[in-house]
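# Understanding the architecture of this molecule
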Amino acid sequence: MAFPATPALTTDCVVFDDQRRVLLIQRANEPFRGGYALPGGFVDIGERVDDACRRELHEETGLQIPVDQLRLVGVYSDPKRDPRGHTCSVAYLTQTRNTPVKGGDDAASAEWVANWRELQLAFDHAQIIADAERLLLQGLSTNSEPER
């Protein structure tokens, strides 16, 4: 039996620093060229989604995160989330200290942003960040056990 045609699988990474700023890239390519977005991208064949998340984060920002520091935020599958076609993104959350970052690969730049709510973000990334922030505020951070 042949594989069915399915949405493309992507991953996005929400990274908060110790000042609760979020790490964003400016996209070098369409769609949303020049717009702010989360680091992320397509999962390669044979690659685990969490490994793809860490790879894309490193390629686009220079930041390296251990696999045990990623926490699942959710799965985002609205068929209209990407104008190129139907994608399904698995989004992760992590925290780190304020670390220097630099845009690379298909990111024109990378920076820590405090006022992300005031920006027009690509795709559904504003919703993903809001969901990740809610998890963080509920005590489900990546560096501690959930509050009970």
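In this structure the tally under the stated criterion is 13 salt bridges. Residues participating in the shared-partner salt-bridge network are D44, E47, R55, E56 and E59.

Take the environment of V113 next. Position of V113 among the secondary structure elements: in strand β7 (residues 107–113). Exposure remark for V113: the relative accessible area of 5% places this residue in the buried category. Through-space distance from the C-alpha of V113 to that of F42 is 24 Å; in sequence the pair is 71 residues apart. Excluding its chain neighbours within four sequence positions, the residues that come into contact with V113 are R21, V22, L24 and L119.

Glancing now at the confidence of the model for the protein chain. Mean pLDDT over the protein chain stands at 93; residues scoring 70 or higher make up 94%. Note on residues 143–148: pLDDT is under 50 here. Beyond four places in sequence and across chains, it has 7 contacts.

Below, the discussion takes up the packing of aromatic side chains. For the structure on display, the rule yields 1 aromatic pair. For the pair F32 and F123, a centre-to-centre distance of 4.9 Å together with 70° between the ring planes defines the contact as edge-to-face. A residue pair is termed long-range when its members are at least 10 positions apart, and F32 in the loop between β2 (22–27) and β3 (36–37) and F123 in the loop between β7 and α2 (125–137) qualify at 91 residues.

In this section: the environment of P100. Of note, P100 is situated in the loop between β6 (87–95) and β7. Look at P100 and you get exposed, because its relative accessible area is 76%. For the pair P100 and L63, spaced 37 residues apart in the sequence, the C-alpha separation amounts to 8.2 Å.

Time to look at the pairing of β6. Note on strand geometry: in a regular strand, side chains alternate between the two faces of the sheet. Burial runs high along β6: 9 of the 9 residues are buried. Here β6 shows no split at all, with T87, S89, A91, L93 and Q95 on one side and C88, V90, Y92 and T94 on the other all buried. For strand β1 (residues 8–16) and β6, the ladder comprises 9 bridges, and the chain directions are parallel. For C13, the partnering residue across the bridge sits in β6 and is Y92.

Time to look at helix α1 (residues 49–61). Along its 13 residues, α1 runs 18 Å from first to last C-alpha, staying within 8% of the 18 Å computed at 1.5 Å per residue. Contacts from the buried residues of α1 go to β1, β2, β4 (40–42), β6 and β7. At the C-terminal side of α1, G62 shows a positive phi close to 85°.

Reading guide: rules and limits
Residues numbered from 1 in each chain as written. Predicted model: local features only at pLDDT ≥ 70, side-chain atom pairs only at ≥ 80, totals over all residues. Heavy atoms only, no water. Salt bridge = Lys/Arg side-chain N within 4 Å of Asp/Glu carboxyl O. Helix = DSSP H or I, 4+ residues; strand = E, 2+ residues; numbered from the N terminus. Buried < 20%, exposed > 50% of the residue type's maximum accessible area, 1.4 Å probe, protein only. Contact = heavy atoms within 4.5 Å. pLDDT = per-residue confidence, 0-100. Phe/Tyr/Trp six-rings, centres within 6.5 Å; stacked < 30°, edge-to-face > 60°. Pairing = 2+ DSSP bridges. Expected span 1.5 Å × (residues − 1).

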